[in-house]
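Spelled out from the first residue to the last, the chains are:
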Amino acid sequence: MHRIVDRNHIAGRRIVWSRWVVFLAIVLAGVVTSLAPTEMAIAKTRHRHGVTPQIINGTPVPPGQDRFVVALLDMSRGPTQFDQQFCGGSVIGRQYILTAAHCMEDPNLLGHLSVLVDQVELDSGAGVVIDVKSAQIDPNFDASSIQNDAAVLTLAQKIPRQRSQRIAVDGAGDGALTQAGDSATVAGWGNTNPDQGPPDYPTHLMQADVQMVADTDCATAYHGNFHQVSMVCAAGNSPSRDSCQGDSGGPLFADANSAHPVQIGIVSWGNGCAQAEFPGVYTRLSDPDIASWIHQVTANHAPKKHRG
Ligand code: ARG
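Remember, it's a predicted structure, so these values are computed and weren't measured experimentally. (Residues numbered from 1 in each chain as written. Predicted model: local features only at pLDDT ≥ 70, side-chain atom pairs only at ≥ 80, totals over all residues. Heavy atoms only, no water.)

**Some words on the state of the cysteines**
- Across all of its chains, the model carries three disulfides by this definition.
- Cys218 shares a disulfide with Cys233; S-S distance 1.8 Å. In this structure, the disulfide formed by Cys218 and Cys233 twists by about -55° around the S-S bond and is classed as left-handed. Of the two residues, Cys218 sits in helix H4 (residues 215–222) while Cys233 sits in strand S11 (residues 231–235), which places them 15 residues apart along the sequence.
- Using a relative accessible area of 0% as the deciding quantity, one classes Cys218 as buried.
- For Cys233, a relative accessible area of 0% translates into the label buried.
- Taken in sequence order, the bonded cysteines of the protein link in the pattern 1-2, 3-4, 5-6. (Disulfide = S-S within 2.5 Å. Helix = DSSP H or I, 4+ residues; strand = E, 2+ residues; numbered from the N terminus. Buried < 20%, exposed > 50% of the residue type's maximum accessible area, 1.4 Å probe, protein only.)

Below you can see the structure in the form of structure tokens.
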């Protein structure tokens with residue numbers, strides 16, 4: 001009898017204990033996933049034109065360039081687009097925006113999420129603002145490792161034809177555009193101050209040229225946190241150029257000045273910004289799994305075009 005009672009007692013404790021583990025795991029996951037929004041919750045400080053560098057050591061994007069870059073606006077953050085902007089994105093179809101999955105972690109975001117399209121200057125009044133109807137997260141996104149950091153937003157309305165310039169997604173699977181040393185461009189409204197100073201956000205879209213970093217070098221910098229299948233690294237030198245907080249979700253693209261730029265990455269994460277030994281980490285769009293997921297999400301309702 002005694003033994004049986006003891007057994008039950010132990011089994012009961014084991015259940016309680018395992019519930020604690022689940023509870024702790026949930027709390028820990030909450031702490032980890034709340035880090036990115038907390039970074040952005042810091043009140044934005046306006047960029048002093050001409051005084052500090054842009055993106056990190058980039059240049060303002062002239063109006064009419066990089067028209068596929070959009071700002072994600074969280075309408076609950078304040079009255080101005082400057083207050084509302086918290087991530088970037090890119091137009092990959094008249095109704096589809098590609099961004100980072102980690103930009104979508106606030107479960108209440110969808111009720112007040114819009115995008116600013118075809119406008120380099122926040123609060124200019126001349127951009128197109130469209131509500132987001134739904135968001136799909138890459139099924140293999142993992143919030144703690146930040147693997148497969150990709151999401152596709154479906155807009156409530158199509159972008160007007162004249163205002164819509166889409167960018168092609170790499171997806172070739174051959175990594176032809178991501179060889180070490182290849183040039184690429186990254187754009188966004190993110191922090192322009194490297195870590196040492198307080199964050200300083202621009203009102204104007206910024207871009208910087210960076211070079212693709214060899215996977216082995218990125219793995220050396222980040223050890224096991226660099227997941228080569230779904231991530232790719234890029235950085236610029238002398239002066240150090242990089243994306244930073246607030247640029248997340250925005251595009252890293254090749255052939256910036258051609259008629260057919262190709263998006264090869266999504267701004268995802270990094271250790272600080274523009275630190276020589278730590279490149280920026282981007283979602284690798286040439287990964288066949290990520291690319292085919294994006295294709296599948298955006299091609300669902302489109303009639304198939306005949307070729308040849
Ligand atoms: N996680 C940041 C964001 O949410 C992007 C950081 C990019 N960091 C870098 N060093 N490239 O905006």
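**Examining the confidence of the model for the protein**
- Scored by pLDDT, the protein has a mean of 85; 80% of the residues are at 70 or more.
- Under a pLDDT of 50 for its full length, residues 48–53 has, in the predicted model, eight contacts with residues more than four places off or in other chains. (pLDDT = per-residue confidence, 0-100. Contact = heavy atoms within 4.5 Å.)

**A look at the site of the ligand**
- Close to the ligand lie 15 residues, the nearest being Asp242, Ser243, Gly246, Ser248 and Gly272.
- In the environment of the ligand, an oxygen atom lies 2.5 Å from a nitrogen or oxygen atom belonging to the side chain of Ser248.
- Here a nitrogen atom of the ligand and a backbone polar atom of Ser268 are 3.1 Å apart.
- Protein contacts shield 96% of the accessible area of the ligand, which totals 350 Å² for the unbound molecule.
- Examining the composition of the shell around the ligand, we find that three residues originate from one element, strand S13 (residues 262–269), more than from any other.
- Split into classes, the residues belonging to the shell around the ligand amount to four nonpolar, nine polar and two charged. (Near = heavy atom within 4 Å. Polar contact = N/O pair within 3.5 Å; in protein donor to acceptor, adjacent residues only side chain to side chain. Areas by Shrake-Rupley, 256 points an atom, 1.4 Å probe, with all protein chains shown as cover. Nonpolar A, V, L, I, M, F, W, Y, C, P; charged D, E, K, R; others polar.)

**Let's talk about unusual backbone geometry**
- Here the amide bond leading from Ser238 into Pro239 is cis, since omega sits at -5°, within 30 degrees of zero.
- Within the secondary structure, Pro239 is located in the loop between S11 and strand S12 (251–254).

**So, the sheet that holds strand S6 (residues 128–137)**
- Reading around the circumference, S2-S3-S4-S7-S6-S5 is the order of the six strands in this closed barrel, with antiparallel pairing throughout. Averaged over all adjacent pairs, the angle separating strand axes in this sheet is 45°, with direction ignored.
- Both strand S4 (residues 96–99) and strand S7 (residues 151–155) contribute to a ladder of four bridges, which runs antiparallel. Opposite Tyr96, over in S7, you have Thr154 as the bridge partner.
- Contacts between helix H5 (residues 288–299) and the sheet are confined to strand S3 (85–93), S4, S6 and S7, with S7 contributing the most and set at about 15° to the helix. (Pairing = 2+ DSSP bridges. Axes fitted to C-alpha atoms, helices over the stretch in contact; angles between N-to-C directions.)

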